[in-house]
Amino acid sequence: MANAIKVVTNKVRFSYANVFTPKAQMEGGTPKYSVSIIIPKSDTETVAKITKAIEQVKADNQDIFKGVAAKLIKGGLRDGDEEKPNDPAYANSYFINANSSQKPGLVDADRNPIIDASEIYSGCYGRASVSFFPYNVSGSRGVGCGLNGLQKLEDGEALGGVTNAAADFAI
């Protein structure tokens with residue numbers, strides 16, 4: 001990716017994890033690998049790295065953003081408290097959505113490849129490697145977030161209404 005700036009996060013939570021099989025975001029769209037990366041607001045280091053990368057992409061690509069009001073430039077950190085007030089997983093957090101047309105690298109805490117699709121799921125915790133880049137498509141200009149790879153660090157409660165069969169049928 002030309003003009004891309006890579007950021008590796010501290011521990012975050014993964015949601016809407018489609019990292020083993022690409023999925024189209026809308027009907028007829030191109031299938032992509034994707035994940036929503038939930039960042040605690042208390043993680044000021046990761047928040048600062050992402051904010052700095054986004055601002056650097058904007059500064060380095062004035063030709064794309066020239067004449068566009070700052071509030072009309074899409075992309076960046078999104079506030080979970082504002083955009084997903086009814087979802088406790090996003091409370092007191094920021095989030096970014098990252099995607100890629102190529103399968104991301106997936107590793108465990110020891111950097112061994114993860115090949116079992118059940119290992120990385122919506123709700124587990126890990127680190128993310130993402131790249132921020134400028135885009136100008138059909139008059140829509142912004143800073144996109146490309147998904148490079150994920151490192152799973154620990155399990156977490158599954159998100160999205162998934163239940164545990166053993167617990168469901170316990171007597």
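Residues numbered from 1 in each chain as written. Predicted model: local features only at pLDDT ≥ 70, side-chain atom pairs only at ≥ 80, totals over all residues. Heavy atoms only, no water.

When helices and strands are counted, the protein chain shows 4 helices and 8 strands. Beginning at the N terminus, the succession of helices and strands in the protein chain can be written as β-β-β-α-α-β-α-β-β-β-β-α. For 171 residues, the compact-globule formula gives about 16 Å, and the C-alpha radius of gyration of the protein chain, at 17 Å, lands near that figure. Counting only C-alpha atoms, the protein chain reaches 65 × 35 × 30 Å along its principal axes. (Helix = DSSP H or I, 4+ residues; strand = E, 2+ residues; numbered from the N terminus. Rg over C-alpha atoms; globule rule 2.2 N^0.38 Å.)

Our focus in this paragraph is unusual backbone geometry. Here the phi dihedral of tyrosine 16 falls at roughly 50°; this positive angle occurs in a residue that is not glycine. Among the structural elements, tyrosine 16 can be located in strand S2 (residues 12-23).

Moving on, we come to the pattern of salt bridges. If you walk through the whole model with that rule in mind, you get 7 salt bridges. Between lysine 152 and glutamate 119 there is a salt bridge whose closest N-O contact spans 3.3 Å. Here glutamate 119 lies in the loop between strand S6 (105-107) and strand S7 (125-137) and lysine 152 lies in strand S8 (residues 140-154), a separation of 33 residues in the sequence. Assessed through its relative accessible area of 8%, lysine 152 is described here as buried. Salt bridges linked by common partners bring Lys41, Asp79 and Asp81 together as one network. (Salt bridge = Lys/Arg side-chain N within 4 Å of Asp/Glu carboxyl O. Buried < 20%, exposed > 50% of the residue type's maximum accessible area, 1.4 Å probe, protein only.)

Attention shifts here to the nonpolar core. Judged by nonpolar contacts, the single largest core of 31 residues is most densely connected at Ile37, Ile120, Val130, Phe132 and Leu150. The set of elements that each furnish at least two residues to this core consists of S2, strand S3 (32-40), helix H1 (44-60), helix H2 (62-65), strand S5 (93-100), S7 and S8. Every residue in contact with valine 130, bar those within four places of it in the chain, is listed here: Ile5, Lys6, Val7, Ile37, Ile96, Ala98, Cys145, Gly146 and Asn148. (Core = buried A, V, L, I, M, F, W, Y, C linked by side-chain atoms within 4.5 Å. Contact = heavy atoms within 4.5 Å.)

Looking now at the side chain of arginine 13. Within the element layout of this structure, arginine 13 appears in strand S2. There is no salt bridge for the buried arginine 13, and the closest opposite charge comes from glutamate 157, which lies 5.5 Å off by N-O distance. Within polar-contact distance, the side chain of arginine 13 engages the backbone oxygen of glutamate 157 at 2.7 Å. The residues contacting arginine 13, other than those within four sequence positions of it, are Ser36, Ile37, Ile38, Ala89, Gly123, Cys124, Tyr125, Gly156, Glu157 and Leu159. (Lys, Arg positive; Asp, Glu negative; His and termini not counted. Polar contact = N/O pair within 3.5 Å; in protein donor to acceptor, adjacent residues only side chain to side chain.)

To continue, consider the packing of aromatic side chains. According to the stated counting rule, one finds 1 aromatic pair in the structure shown. Ring geometry for tyrosine 90 and phenylalanine 95: centres 5.1 Å apart, planes at 80°, overall edge-to-face. A relative accessible area of 1% places tyrosine 90 in the buried class. Geometry around phenylalanine 95 places lysine 84 over its ring, the cationic atom sitting 5.6 Å from the centre. (Phe/Tyr/Trp six-rings, centres within 6.5 Å; stacked < 30°, edge-to-face > 60°. Lys NZ or Arg CZ within 6 Å of the ring centre and 35° of its normal.)

Let us look at the side chain of threonine 46. Locating threonine 46 in the fold gives a position in helix H1. At 2.7 Å, the side chain of threonine 46 and the side chain of aspartate 43 are in polar contact. Setting aside residues up to four positions removed in sequence, threonine 46 forms contacts with Thr9, Asn10 and Ile39.

This part takes up the environment of proline 113. Along the chain, proline 113 turns up in the loop between S6 and S7. Proline 113 sits 38 residues away from glutamine 151 along the chain, and the two C-alpha atoms are 9.2 Å apart. Not counting the four nearest positions on each side in its chain, proline 113 is found in contact with Leu106 and Val107.

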